[in-house]
Amino acid sequence: MRRVGLYPGTFDPVTNGHLDIMQRATHVVDHLIIAVANSPGKNPAFTPPERVQLLQDLVAEHDFGDCTVEVRSFGSLLMHFADEVGASLVIRGLRAVSDFEYEFQLATMNKHLNPKVETVFLTASESQQFIASSLVKEIASLGGDVSDFVPEMVLKALKIRYPT
């Protein structure tokens, strides 16, 4: 039986930390769906279609072994989307202990909403633990160098979004 996992997030922008979790998640599932949340309340720098395109381009240039990877956007409850795509796992990345409390609450609520779906936490690699999309956006918007934190294609998109 094929194990389908969801890696949800706003990915605004996608960072090297996200890529790290994606690559490691492919060792846990047979098919990974990177689920781009619309999240208009988060005041995203990139539209959902732009974020989907960046992620599709990123996926196209990486080898994920035997795991197939697709990128989709969603605007519903994550657990409804999980049912829609046949996912049995939700992959969540943890950077620090401070992430755990919030993620634990989400996982517990999601389990209540859909008992068939499990949440798996992957801790960020040591070199990626401090990277947050919100910080990357702030640094980029103020003309700072974010080249160590994002893939090259994302860096180019940020330079267009935040010209200095």
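Each chain has its residues counted from 1, following the order in which its sequence is written. Local features in a predicted model are, by the rule used here, given only for residues with pLDDT of at least 70; side-chain atom pairs are given and counted only at 80 or more, and totals for whole chains, interfaces and linings are based on all residues. Side-chain descriptors were evaluated using all non-hydrogen atoms of the structure, hydrogens and water having been removed beforehand.

Some thoughts on the overall build of the chain
Move 1: A count of helical and extended segments in the chain gives 6 helices and 5 strands.
Move 2: In sequence order, the chain lays out its α and β elements as β-α-β-α-β-α-β-α-β-α-α.
Move 3: The C-alpha radius of gyration of the chain comes to 15 Å, within 12% of the 15 Å expected for a compact globule of 164 residues.
Move 4: Here the C-alpha coordinates of the chain stretch approximately 50 × 35 × 30 Å along the principal axes.
Move 5: Relative accessibility decides the category of a residue: with a 1.4 Å probe and only protein chains considered, values under 20% of the type maximum give buried, values over 50% give exposed, and everything between is partly exposed. Per-residue burial for the chain yields a buried fraction of 47% across its 164 residues.
Move 6: Contacts between residues were defined by any pair of non-hydrogen atoms, one from each residue, lying within 4.5 Å. If you take every contact in the chain between residues at least 6 apart in sequence, the share linking residues at least 24 apart comes to 76%.
Move 7: Total accessible area on the chain stands at roughly 8,900 Å², and carbon and sulfur atoms take up 53% of it.
Move 8: Two residue types count as positive, namely Lys and Arg, and two as negative, namely Asp and Glu; His and chain ends fall outside the count. Just so you know, the charge point we use is NZ for Lys, CZ for Arg, CG for Asp and CD for Glu. Computed over 14 positive and 20 negative side-chain charges, the inter-centroid distance for the chain is 5 Å. Strands are runs of DSSP state E lasting at least two residues, helices are runs of H or I lasting at least four, and both sets are numbered from the N terminus onward. In this treatment the radius of gyration is a C-alpha quantity, and the globule benchmark scales as 2.2 Å times the residue count to the 0.38 power. Only the protein chains shown count as covering a residue, and every accessible area follows the Shrake-Rupley method with a 1.4 Å probe.

As for the side chain of H18
Move 1: Mapped onto the fold, H18 is located in helix α1 (residues 16-25).
Move 2: When its relative accessible area of 16% is taken as the criterion, H18 is described as buried.
Move 3: Those residues within four positions of H18 in sequence are excluded, and the remaining contacts are Y7, F11, P13 and S133.

Some remarks on unusual backbone geometry
Move 1: Here D12 and P13 are connected by a cis peptide whose omega angle stands at 0°.
Move 2: Examined against the element boundaries, P13 turns out to sit in the loop between β1 (4-9) and α1.
Move 3: In this structure, F11 takes a positive phi of about 50° despite not being glycine.
Move 4: You can see F11 is positioned in the loop between β1 and α1.

Re the environment of Y7
Move 1: Here Y7 is to be found in strand β1.
Move 2: Y7 sits in the buried class, given a relative accessible area of 5%.
Move 3: It is 26 Å that separates the C-alpha atoms of Y7 and K159, two residues lying 152 residues apart in sequence.
Move 4: Dropping the residues within four chain positions of it, Y7 is found in contact with H18, I21, M22, L32, I33, I34, A35, I91 and G93.

Some points on the packing of aromatic side chains
Move 1: Ring pairs shown here join Phe, Tyr and Trp side chains whose ring centres sit within 6.5 Å, with only the six-membered ring taken for Trp; geometry is labelled stacked below 30 degrees between planes, edge-to-face above 60, and tilted in between. Under the definition given, this model contains 4 aromatic pairs.
Move 2: Note on Y7 and F11: the rings are 5.2 Å apart at their centroids and 80° apart in plane angle, and the pair reads as edge-to-face.
Move 3: An aromatic cluster is defined as three or more aromatic residues linked by ring pairs; in this entry it consists of F100, F104 and F121.

Focus on the sheet that holds strand β4 (residues 89-94)
Move 1: Judged by pairing direction, the sheet is parallel, and its 5 strands sit side by side in the order β3-β2-β1-β4-β5 without closing on themselves. Lying at the two open borders of the sheet, with one neighbouring strand each, are β3 (68-74) and β5 (118-123). Across the sheet, the axes of successive neighbouring strands diverge by a mean angle of 30°, strand direction being ignored.
Move 2: At least two bridges found by DSSP between two strands is the condition for calling them paired. Taken together, the 2 bridges between β1 and β4 define a ladder with parallel strand orientation. Pairing of L6 across the sheet is with V90, part of β4.
Move 3: Lying on the sheet, helix α2 (residues 48-60) is in contact with β2 (31-37) and β3; it crosses β3 at an angle near 175°. Axis definition: a line fitted to C-alpha atoms, over the contacting stretch in the case of helices. Angles run 0 to 180 degrees between N-to-C directions.

Remarks on α2
Move 1: Expected span of a helix: the number of residues minus one, times 1.5 Å. Between the first and last C-alpha of α2 there are 18 Å, a value that for 13 residues agrees with the 18 Å anticipated at 1.5 Å per step.
Move 2: Burial in α2 covers these residues: R51, V52, L54, L55, L58 and V59. Seen end-on, α2 carries its buried residues on one side only, within an arc spanning 160°. When the buried face of α2 is taken as reference, the exposed residues oriented beyond 90 degrees from it are P49 and A60. Here the arc refers to the directions that run from the helix axis out to each C-beta atom.

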